[in-house]
Amino acid sequence: MIEIVGKLQPRRQVLVAERVLTCVPEDRGHPEYDDGPVAVLIEAGRIIAVGAPDSMPQDPEIDVVDFGIGSTMLPGLIDTHVHLAFDGGPDPLSTLQCSDDVTILALMTDNAEALLSAGVTTARDLGAPRGLDLTIKRRANAGQIPAPRLQTVTEPLTVTGGHCWFLGGEVSRGVDAAREAVQRAHARGADAIKIMATGGSMTSGSLPYEAQFTAEEIVAVVDQAHKLGLNVAAHAHGVAGIRDSVAARVDSIEHFSFMTALGDIDPEPDVVTAVAQSGTFVCRTVCAAWGEVLKKLTPEPDSLRRLKDSGVRIVAGTDAGIARTPHVEYVLSLEGMAAFGMANWEVIEAATSVAAESLGLGRETGSIAPGKAADLVVVRGDPLEDLGYLRNLEAVFTRGVRHVPQVASVLSWNEIVECPKYVPGLQRRRAGGQEQRES
């Protein structure tokens, strides 16, 4: 269990670190540390001020925590794609189907705690059965369990017998049924909608490269969701599903793998361009499961670099819970994103400010600035130099409440993947094939 240092938020506290990476969106593209040491003043779960320690109020009633030399503070990390109801073991589907709701809720509670132990302070659950994600969110919001800020979708929308049908989100054909499914999810309390635009590998008989919904049905889902103020995430592997999703103006595309009937990965440049021009966010769900996938495919080490250079907005999301993907192994996924060509600073932004924007939470979290929620992590070391330092967690704060991680990461990208490797120094500042000058 994660230890919660204080159930009640202190009236005011000042956190001091040698380095603070604010990830303020206006500075995107040139993230640098504020000259240290840097202090952050917190009150009632909000960031009040950021500046030099001597600029903070000198009040004996304020709790001051100095994390000392070598410490780095940055925004709490965000995982835009998790499954709390899956156990991340060899066969999560069998485990799910053999478990009752009480057992599943206990697992989901443990997985939420594991995310916190990885420094994840916000997560979006993209599919759980019988609205159990709503139950976990209610418990988290009531302070009954330690958990990140959670967004939920209830059961993902799929066709009859389609990908993840066993989660309970089967929808009859036609635009009217599609709209009604969105309305039901909204009425139950969903924060967003997930639609299975293509099949997936987790479901027997489902083909990842085949489209499941018609283009008109996807448009109906997006139109209804947006009228209700909900974002739409589209699970899409094959090019037809990706094309239909971007044309329908979904808010994010999950996986974005361009899988063919032969099992190859074949990105289509015009579709990539359309995604970049639309502003749709892309979550490639780089994760521990790729260790097995890359044994069967010829990896393209610069694939994420090319997407970034094309203008695609990439966010961090791990698909945590699927086979061989434990929730605590979040940093491994960030190392994988860098291995595929993103600079370390780009990965950190994808895991903080850009991810927050993709979830509609850009004004609430994702950066360290006055007015934002006090969602923070403190690590030992410089993650701009090596993302692996994000495992050296000293503290995790959600809305100003401190959590001490109790579960540790045990895997790294380079341990499970032969190629491409993550080279920390190479990825410190590299972007678009050019080494940026230190300021």
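See the structure printed just above.
Residues numbered from 1 in each chain as written. Predicted model: local features only at pLDDT ≥ 70, side-chain atom pairs only at ≥ 80, totals over all residues. Heavy atoms only, no water.

Enquirer: Before we move on, can you summarise empty space enclosed by the protein with the specific residues and values?
Expert: Going through the model one piece at a time under the given rule, you end up with 1 cavity of 30 Å³ or more. In this model, the largest cavity occupies a volume close to 30 Å³. Residue lining of the largest cavity: Ala85, Phe86, Asp87, Pro92, Thr95, Leu96, Ser99, Ile104 and Leu107, and that is the complete set. When contributions to the lining of the largest cavity are tallied by element, the ones reaching two or more residues are α1 (92-97) and α2 (101-117). Among the elements that line the lining of the largest cavity, the one with the most residues is α1, at 3 residues. (1 Å grid on protein atoms, 1.4 Å probe; cavity = no way out; pocket = protein on both sides within 12 Å on 5 of 7 lines; lining within 4 Å. Points joined across faces, edges and corners; volume = space filled by probe spheres on them. Helix = DSSP H or I, 4+ residues; strand = E, 2+ residues; numbered from the N terminus.)

Enquirer: Any chance you could break down the packing of helix α6 (residues 239-247) against helix α7 (residues 269-278) for me, citing the residues and the numbers?
Expert: The relative placement of two packed helices is expressed as an angle between their axes plus a distance between the axes. Interaxial distance between α6 and α7 falls to 10 Å at its minimum, and their mutual angle equals 25°. Between α6 and α7, the angle falls in the class roughly parallel. Considering how the two elements wind past one another, α6 and α7 form a crossing that is left-handed. Across from Val239, Ile242, Arg243 and Val246 in α6, the residues of α7 making contact are Asp270, Val271, Ala274, Val275 and Ser278. Each residue belonging to the contact of α6 with α7 can be placed in one class, and the counts come to 6 nonpolar, 1 polar and 2 charged. (Axes fitted to C-alpha atoms, helices over the stretch in contact; angles between N-to-C directions. Parallel < 35°, antiparallel > 145°, perpendicular 65-115°, else oblique. Left-handed = near helix turned anticlockwise from the far one by under 90°. Contact = heavy atoms within 4.5 Å. Nonpolar A, V, L, I, M, F, W, Y, C, P; charged D, E, K, R; others polar.)

Enquirer: Would you mind going over the packing of aromatic side chains in detail, with residue names and values included?
Expert: Inspection of every chain in the model, using the stated rule, returns 4 aromatic pairs. Ring geometry for Phe256 versus Phe258: centroids 4.9 Å apart, planes at 70°, classification edge-to-face. Residue class for Phe258 comes out buried when judged on its relative accessible area of 3%. (Phe/Tyr/Trp six-rings, centres within 6.5 Å; stacked < 30°, edge-to-face > 60°. Buried < 20%, exposed > 50% of the residue type's maximum accessible area, 1.4 Å probe, protein only.)

Enquirer: Run through the sheet that holds strand β8 (residues 77-82), naming residues and quoting values.
Expert: Taken in spatial order, the 3 strands line up as β8-β9-β10 in an open sheet, and their pairing is parallel. Whereas interior strands pair on both sides, the edge strands pair on one side only; in this sheet they are β8 and β10 (149-152). Direction aside, neighbouring strands of the sheet carry axes that sit 15° apart on average. Two elements, β8 and strand β9 (residues 120-125), share 4 bridges in a ladder whose sense is parallel. Bridging across to β9, Val82 finds its partner in Asp125. (Pairing = 2+ DSSP bridges.)

Enquirer: Tell me what's going on with the nonpolar core, and back it up with residues and numbers.
Expert: Grouped together as the largest cluster of nonpolar side chains are 104 residues, with contacts concentrated most on Met108, Leu157, Ile193, Phe256, Leu334, Met337 and Trp413. With residues up to four places along the chain from it excluded, the contact list for Leu157 reads Gly169, Val171, Ala181, Val182, Ile193, Lys194, Ile195, Met196, Phe213 and Val221. (Core = buried A, V, L, I, M, F, W, Y, C linked by side-chain atoms within 4.5 Å.)

Enquirer: With reference to specific residues and values, describe α2.
Expert: Residues separated by three or four positions in an α-helix point in the same direction, a consequence of the helix having 3.6 residues per turn. Here α2 spans 24 Å end to end across 17 residues, near enough to the 24 Å set by a 1.5 Å rise per residue. Among the residues making up α2, those that are buried are Ile104, Leu105, Met108, Thr109, Asn111, Ala112, Glu113, Ala114, Leu115, Leu116 and Ser117. Close packing links the buried residues of α2 with β8, α1, β9, α3 (132-141), β19 (393-398) and β20 (401-404). Once α2 finishes, Gly119 follows within two positions and takes phi at roughly 90°, a positive value. (Expected span 1.5 Å × (residues − 1).)

Enquirer: If you had to explain the pairing of strand β2 (residues 12-17) to someone new, which residues and values would you point to?
Expert: In terms of residue burial, β2 counts as a mostly covered element, since 5 of its 6 residues are buried. Pairing geometry for β2 and strand β6 (residues 63-66), over 4 bridges, is parallel. Bridge assignment links Gln13 to a residue of β6, and that residue is Asp63.

Enquirer: How would you summarise helix α10 (residues 330-339) if you had to cite specific residues and measurements?
Expert: Summarising burial for α10: 10 of the 10 residues are buried, a large majority. Taken together, the buried positions of α10 are Tyr330, Val331, Leu332, Ser333, Leu334, Glu335, Gly336, Met337, Ala338 and Ala339. In the core, the buried residues of α10 are packed alongside β8, β9, α9 (303-309), β17 (313-315), α11 (344-350) and α13 (413-416). One or two residues past the end of α10 sits Gly341, with phi positive at roughly 110°.

Enquirer: Give a description of the environment of Val159 that names residues and reports values.
Expert: With respect to the helices and strands, Val159 occurs in strand β11 (residues 158-159). Judged by relative accessible area, which is 10%, Val159 ranks as buried. Residues Val159 and Val82, spaced 77 residues apart in sequence, show a C-alpha to C-alpha distance of 21 Å. Contact partners of Val159, with chain neighbours within four places excluded, come to Glu170, Val171, Arg173, Gln212 and Phe213.

Enquirer: If you had to explain the pairing of strand β7 (residues 71-75) to someone new, which residues and values would you point to?
Expert: Walk down a regular strand and you will see the side chains alternate between the two sheet faces. Counted residue by residue, β7 has 5 buried out of 5 residues, so it is predominantly covered. As paired strands, strand β3 (residues 19-20) and β7 are joined by 2 bridges and run parallel to one another. Within β7, the position partnered with Val20 by the bridge is Met73.

Enquirer: Which residues make up the packing of α2 against α3, and what values do they have?
Expert: Relative to each other, α2 and α3 sit at 50°, their axes nearing to 10 Å. The angle between α2 and α3 falls in the class oblique. The two elements α2 and α3 meet at a crossing, and its hand is right-handed. The residues of α3 that touch α2, namely those facing Asp101, Ile104, Leu105, Met108 and Thr109, are Leu132, Asp133, Thr135, Ile136 and Arg139.

Enquirer: I'd like a description of the side chain of Asn111, backed by residues and values.
Expert: Considering the arrangement of structural elements, one finds Asn111 in helix α2. A polar side-chain atom of Asn111 sits 3.4 Å from a polar atom in the side chain of His327. Excluding residues that lie within four positions of it along the chain, Asn111 makes contacts with Leu84, Phe86, Asp87 and His327. (Polar contact = N/O pair within 3.5 Å; in protein donor to acceptor, adjacent residues only side chain to side chain.)

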